[in-house]
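Residue-level listing of the chains:
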Amino acid sequence: MNHMTRASWHRITGTTTILWMLAAAAAITAHRFIPEAKWLMIHTATLGIITNALLTWTNHFTTSILRSRPQTSRRAEGTILATLNAGILTLGTGMILAHPWITGVGATLIAIAVTAHIARLAHQMRAALPARFRFTVRAYIAAGILFIPGILAGYLLTLPSIPANYSAALRGSHIAFNVLGWVGLPIIGTLLTLWPTILRTRMPETAEIAARKYLPWLTASAAFAALGALALPLLENTALPSAILMGAGMIAFTTFAALIVVPLVRDSGIDTTFPSLSVAAGTVWLLGSITAAGIALLLGDGIDTLNNLTPYTIPLLAGGIAQIVLGALAYLLPVVAGGGPTAVRVRNIRANSAGVLRIALLNLSLALYVVSNVSLILVATSLLALLAGLASVVALIASMLPVSDAQLERAPGPDVRRDGTRAPKPDLLKPAMVALTMLSMVVVGATALDPAAAAGLNATAPSSETSADATGETTEISVEIRNMRYIPELVEVPAGNRLIINLHNDDDQTHDLVLETGVSTKRMGPDETVTLDAGIITTDVEGWCSIAGHRQMGMVFHIKVLGADTASAAGDTGDQAGSEGMEGEASDSSGHDMHDMHAMHSMPAEAAFDLAGDMDPARYRDPSLPPLPPADGPVTHELTFEVTEEVIEVAPGLTQNIWLFNGQMPGPTLHGRVGDTFIITLINKGTMGHSIDFHAGALAPDEPMRTIQPGESLEYKFTAERSGIWMYHCSTAPMSLHIANGMYGAVVIEPPNLEPVDHSFVLVQGESYYGPDGEIGDMNKIAEGDHDTTHFNGYPHQYVKNPLTVAAGERVRFWVLDAGVAVPLSFHIVGGQFDTVFKEGAYLLRPDNELAGGSQALGLMAAEGGFVELVFPEPGTYTFVNHVMIEAERGAKGHVIVTE
C-alpha cells in the first residue's frame, strides 16, 4: 500500500464498505434461513458498514482538519482496516458456531484495530499545529475510547450463565457505548464540517460556537448512559425505574446533539440533492430513535425494554445510520475519486441519479413500517425500503467507476455559474409523489390479500369506551398469580367503569394476562407487578395467560359486568377478532409473537405432512452408543445443556417451534456407570421458563428441578446409584406440552459387569401433537391424546429412510426408552428373537436360562426403559417396530440391514 493515490485508496475502502452493505442486505433477505440471523443483521450494519466507514473517514477528516502532511503510505491504515475486518469475520464465525473463544478472538481483534486507530488520531493531533476544529478530532478519539468497553460488554453478552438483570445491564451499556459513543458522537462531530461542504457554503459561526460548547457534554452524556445501564441491577428493587439513568443519559445525548445540529442546519440551509436529503433524514431518524428508546427506558421496565429493542433498532439502523452513511459516501466518494472537476460532476450525477425518489421511497416505507402492524404491509414496506437502499448502493458503485472521455465531453457545467447563480436543484415534489403512489399501491395490494388484517384486526382491539357507555368512574382491583391460577379468577365491574388491574406474579414461572379485547400485559417474571388498564368495561370479558399450555392448565380470568348486557365481548366479532387483535399488541418481550395463541385461534387445526416424503438430512439422529472408556473407579461427567426454542422440521413437509436441549430432539444421551457423578449446567436461552428433571438421580427436586427464567442458569448434580436407561425431561408446567414439544432425553447407566457387544443402539420413543406449520404443539390434542406421529429419536420413519447396518452373527444391544407423553411401547424386531431382556433395573431373560426361553417384545409404559439383545441369524432386512401397530404406522418403525 506504499505510495497509493488518494483515489485508489478510497476506491478500495469504499468497495469494502459497499460489500458489507450487500452482506447486510443478504442477511436481511435470508434471515429466516441462517443461524444467529438477528445478530448478523445488526452487526453487518454496525460493525461491517459503520465501523469500516468510521475508521476510514474519521482518519480522512482528521488529516483535513489538522492539515496534516499528506500520507505517503497507507500501510498502517491498511493494517488497521485488515485487522478490523478479520475481527468482524472471526466474531461472526464464533457467533454462528457458538464458540466463545472464537468470539473472544474476534472481539479482541476489533479492539486492537480501534485502539491502533485512536493512537493514530492522537499522534496526528499532537504533531499538528493548532487548528480551528480540533474539538472534532477530540470527539473522534473520545468515540474510540468509549467503543472499547462497548466491545467488552458485547463479548460478555455472548457468554452463558448471565442472570437476566445483568444481561440487560450489559446490553444497555453495549448499546450506549457503541451507538451513542462510537457512532453518534463522530457523526455529530463530522456533520459540523461535512454539512456545509455538501451545501458548498461556509460553516455558520453559531454552529461552531455550539459545537465547542456542547460536544464535551455529548461525550459525557454517552458515557453517563452507558454507566447508568450498568446500575440497572442496583435500581431494580427500588421505587425508581431500573433504567432511569440510562434513559436520562440518552435524552441528554439527543438534547445536546440537537443544540449542535439545529443551528448548523438553520443557518446553512438544505438542498434537494441526495447527499443532503439522505444525511438530513438520517439525522432525524437517528436522534428520534434514540429519544424514543430513552423515553421508554425512563417510563417503562428497564429489562423488558432492553430485551425488546426491535421497535427502535430498525428505525435507528435503516432510517438513521444507514442513510447518514449513504448520504455522506454519495458526496465523498465522487470527490476523493478524483479525475478533475468535470469528472467529479459526472460522478455526482451518478450518485444523485433518482436520488429524491430513493430518499422518498425509503423514508415513506420506513415510516409506514414503524406505524403499521399488519404483516403483509410490514413485509412489503420492508422490501421497498430494502430496494431503495440497494438502489443507493448501486448508485455509489456507479460513482466510483471510471469516467470516459465521451462522458467528460457531455458533462454539465459547474453548479455555480460564472454570474454567481446556482444551477437548478432536483425537483422534490414529483419524485415524492411517485414514491407515495408506489407505497399506496403496496397498501392497496396488501389490503386486497388480507382485508381482515388491514381493517385493523392485527392491531390492539379498540376500547369499548363511548360517551354513552362511560360512567366516568374507575374500578381498581388487585389480582395475584399463584399456582397457575389468577386469584381471584372472577371480578365484577359496574357497567361503564374503567377497570385498572394491578397484577402481581407470585408464582415461580413467567406469566402474562391477555384480554380478548386485545389489551395485555407484558410477560412477567416471578415477583413482578404490572398495572393493566383494561379500558371501559361494558360487556363480559375473558382473559388468559398466553404462555404455551397455561390457558389449558386453567389460567383463565373472567370480568363480569354488573347492570348491563353480559354478552361476551367476542360475541359480535368472534374469537378470531379477539385473538388476532392481540397478536400485534401482546407479543412477548423476546419476540415469541404468541405462537401458542396464534395456533389456537387463527390457524387451521390440522398440520400437513407426508410420512413418505423426504427427510431433512440435518434431522437424522445417529442411534449408536459408543462403548464407555475403561475407568478405575467412578467418573465425573460435566456437561452444559442449553435450552433453545427453534423452528425445525419434525416430519416431511412440516416444521414446528420445538423446545430443545442442546438443539436436539430428544436431547443428548448421557452414558455412564453405576457410581458416576453427573454435573449438568442448565442455561435457559429460550423465551419462557424451563427446567430439567433427571430420573437417574434421587434427590429433593426443590432446587435442581426448579423452573428458571430466560437468561438464568442452574447446576444439577446427581450420582447414578442404580442402572438402567432413565428418562430426563423438562418439568415445567404444563409438563405434557414441554415433553411433547421436544424436551426429553435418555441417561444410560450400565449395570455392573455388562458384557461388551458388537453394536449398541439407543432408541427413545416419543409422540408428537403437531400444531400449524412453524408453531408449537397443540395442547388441546395433548389433552385429548390425539397424537399425529410416534417416532424413535424425534423423527417418524427416520430409520426406514436411514436403516441401521450390522452383520449376521454379531451381537446387538438395543437400549429402549418410552419417553411418552402417553403412548405405550411394545418393542419388537420382525424376524428376530431376544435372548436377553433387561427392564427397569433387572434382567427378565438371559441367554443361558434353563427353559431356553426367548422374548418377542419389550413392553414399556411412559418413562419406562430397558435393553434387549439378539443375534441376527442371517442376512436380510429386519424391521423394528412398536407392535402397537397403529403406532408403527404413525412412524415408530425402522429397518436393520443385516449383511454377510
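It should be emphasised that the depicted structure is a prediction, and the values quoted were computed from it without experimental measurement.

Visitor: Is there a simple way to think about the overall build of the protein chain in this case?
Guide: Tallying secondary structure elements over the protein chain gives 24 helices and 27 strands in all. For the protein chain, the share of sequence-separated contacts (at least 6 apart) that also reach a separation of at least 24 residues comes to 76%. Accessible surface, the protein chain: about 37500 Å² in total, of which carbon and sulfur atoms supply 60%.

Visitor: Is there a simple way to explain the packing of aromatic side chains in this structure?
Guide: The description of an aromatic ring pair uses the distance of the two centres, along with the angle that the planes make with each other. One pass over the structure, following the stated rule, counts 28 aromatic pairs. Where F641 meets F661, the ring centres are 5.9 Å apart and the plane angle is 45°; that geometry is what we call tilted. Of this pair, F641 sits in strand β9 (residues 636–651) while F661 sits in strand β10 (residues 654–661), placing them 20 residues apart in sequence. You'll find F641 and F661 in the same group, each marked buried. Among the aromatic residues, those joined into a cluster by ring pairs are Y620, F761, F792, Y799, F814, F827, F834 and F880. Of note, R551 hangs over the ring of W544, and the distance from its end group to the ring centre comes to 3.8 Å. Here the guanidinium or amino end of R846 rests over the ring plane of Y843, the centre of that ring lying 3.7 Å away.

Visitor: Would you mind showing me how to read the sheet that holds β9 here?
Guide: In a beta sheet, neighbouring strands pair by backbone hydrogen bonds and run either parallel or antiparallel. Reading across the sheet, the four strands line up as β10-β9-β12-β14 and stay open at both edges, with mixed pairing between neighbours. Taken across any chain shown, the strands that pair with only one partner, and hence form the sheet edges, are β10 and β14 (713–719). Pairwise comparison of adjacent strand axes, ignoring direction, gives a mean angle of 25° for this sheet.

Visitor: Looking at this structure, I do not really get unusual backbone geometry. What am I missing?
Guide: A cis amide bond links I487 to the next residue, P488, at an omega of 0°. Here P488 is to be found in the loop between β2 (486–487) and β3 (490–494). Between M665 and P666 the backbone carries a cis peptide bond, its omega angle lying at -5°. Relative to the helices and strands, P666 resides in the loop between β10 and β11 (670–673). A positive phi angle, close to 50°, is found at E840, a residue other than glycine.

Visitor: What is the right way to read the packing of helix α12 (residues 310–337) against helix α13 (residues 341–352) from this model?
Guide: A pair of packed helices is characterised by two quantities: the angle between their axes and the separation of those axes. Taken N-terminus to C-terminus, the directions of α12 and α13 make an angle of 155°; their axes are 9 Å apart at the nearest point. One element, α12, and the other, α13, form an angle in the roughly antiparallel class. The hand of the α12/α13 crossing is right-handed. Contacts from A330, P334, V335 and A337 in α12 reach V344, R347, N348 and A351 in α13. Residues of the contact of α12 with α13, tallied by class, amount to six nonpolar, one polar and one charged.

Visitor: Would you explain the nonpolar core in this entry?
Guide: For soluble globular proteins, nonpolar side chains are generally found buried alongside one another. Membership of the largest hydrophobic core comes to 113 residues, with the highest contact counts inside it found for I110, L215 and L218. Among the elements that make up this core, the one with the highest residue count is helix α6 (residues 164–198) (16 residues). Ignoring sequence-local partners within four residues, the contact set of I110 consists of L47, L84, G87, I88, L91, F147 and I151. Counting 56 residues, the second largest nonpolar core, distinct from the first, contains L513, W659, I692 and L714.

Visitor: What is the right way to look at the environment of V137 in this model?
Guide: Here V137 lies in helix α5 (residues 134–157). Note on V137: relative accessible area 0%, which makes it buried. When sequence neighbours within four positions are dropped, the list of residues in contact with V137 reads T62, I65, L66, L121 and M125.

Visitor: Even after reading the chapter, I still don't get the pairing of strand β27 (residues 893–899), so can you show me in this structure?
Guide: In summary, the side chains of a regular strand alternate between the two faces of the sheet. Summarising the sheet, strand β19 (residues 802–807) and β27 pair through four bridges and their orientation is parallel. In the strand pairing of β27, A807 is matched with T899. Alignment of strand β26 (residues 876–882) against β27, held across six bridges, turns out to be antiparallel. Within β27, the residue paired with Y878 across the bridge is V896.

Visitor: Which parts of the structure should I look at to understand helix α14 (residues 355–371)?
Guide: Each α-helix winds once per 3.6 residues, and so residues spaced three or four apart point in a common direction. In this model α14 runs 25 Å from its N-terminal to its C-terminal C-alpha over 17 residues, within 8% of the 24 Å that 1.5 Å per residue would give. Within α14 the residues assigned to the buried category are G355, V356, R358, I359, A360, L361, L362, N363, S365 and L366.

Visitor: Explain the pattern of salt bridges to me, please; I cannot follow it from the model alone.
Guide: When their charged atoms lie close together, side chains carrying opposite charge are able to pair. Inspection of every chain in the model, using the stated rule, returns 18 salt bridges. Between E703 and R706 there is a salt bridge whose closest N-O contact spans 3.1 Å. Look at E703 and you get exposed, because its relative accessible area is 51%. On the basis of relative accessibility, which here comes to 32%, the residue R706 falls in the partly exposed class. Notably, a salt bridge pairs D788 with K781, separated by 3.1 Å at the nearest N-O pair. Each of R811, R813, D835 and E869 takes part in a single network of salt bridges with overlapping partners.

Visitor: I keep staring at the packing of helix α10 (residues 274–299) against α14 and nothing clicks. Help me out?
Guide: For the pair α10 and α14, interaxial distance at closest approach is 9 Å and the crossing angle is 15°. With respect to α14, the axis of α10 lies roughly parallel. α14 is crossed by α10, and the crossing has left-handed handedness. Contacts from F274, L277, S278, A281 and W285 of α10 reach α14 at G355, V356, R358, I359, N363, L366, A367 and V370. Along the lines of polarity and charge, the residues of the contact of α10 with α14 split into nine nonpolar, three polar and one charged.

Visitor: Quick question: what am I supposed to make of the sheet that holds strand β5 (residues 514–515) here?
Guide: Spatially, β3-β8-β7-β5 is the arrangement adopted by the four strands of the open sheet, whose pairing is mixed. This sheet does not close on itself; its edge strands, each paired only once, are β3 and β5. Bridge count for strand β7 (residues 541–544) against strand β8 (residues 556–562) is four bridges, and the pairing is antiparallel. The residue bridging W544 from the neighbouring strand is V556, located in β8.

Visitor: I tried to follow the confidence of the model for the protein chain on my own but got confused; where do I start?
Guide: Averaged over every residue, the pLDDT of the protein chain is 83; the share at 70 or more is 86%. At the level of individual helices and strands, the protein chain shows its lowest average pLDDT in helix α19 (residues 574–585), which scores 33, and its highest in strand β20 (residues 811–818), which scores 98. With pLDDT under 50 throughout, residues 416–421 is counted as low confidence; its partners more than four residues away or in other chains account for six contacts.

Visitor: Would you mind showing me how to read a nonpolar patch on the surface here?
Guide: Together, L364, L429, M433 and L436 line one region of the surface with nonpolar side chains, adding up to about 360 Å² of accessible area. If one sorts the elements of the nonpolar patch by residue count, helix α17 (residues 429–449) sits on top with three residues. With respect to the secondary-structure elements, L429 resides in helix α17.

Visitor: Honestly, the pairing of strand β4 (residues 498–505) in this entry has me stumped. Any pointers?
Guide: Counting buried positions along β4 yields seven of eight residues, so the element is predominantly enclosed. Bridging between β4 and strand β6 (residues 529–536) involves seven bridges; their strand directions are antiparallel. In the sheet register, R498 faces β6, and the bridge partner there is I536.

Cut-offs applied
- Residues numbered from 1 in each chain as written.
- Predicted model: local features only at pLDDT ≥ 70, side-chain atom pairs only at ≥ 80, totals over all residues.
- Heavy atoms only, no water.
- Helix = DSSP H or I, 4+ residues; strand = E, 2+ residues; numbered from the N terminus.
- Contact = heavy atoms within 4.5 Å.
- Areas by Shrake-Rupley, 256 points an atom, 1.4 Å probe, with all protein chains shown as cover.
- Phe/Tyr/Trp six-rings, centres within 6.5 Å; stacked < 30°, edge-to-face > 60°.
- Buried < 20%, exposed > 50% of the residue type's maximum accessible area, 1.4 Å probe, protein only.
- Lys NZ or Arg CZ within 6 Å of the ring centre and 35° of its normal.
- Pairing = 2+ DSSP bridges.
- Axes fitted to C-alpha atoms, helices over the stretch in contact; angles between N-to-C directions.
- Parallel < 35°, antiparallel > 145°, perpendicular 65-115°, else oblique.
- Left-handed = near helix turned anticlockwise from the far one by under 90°.
- Nonpolar A, V, L, I, M, F, W, Y, C, P; charged D, E, K, R; others polar.
- Core = buried A, V, L, I, M, F, W, Y, C linked by side-chain atoms within 4.5 Å.
- Expected span 1.5 Å × (residues − 1).
- Salt bridge = Lys/Arg side-chain N within 4 Å of Asp/Glu carboxyl O.
- pLDDT = per-residue confidence, 0-100.
- Patch = residues over 30% accessible without salt bridge, like charges linked within 9 Å, V, L, I, M, F, W, Y side chains within 5 Å.

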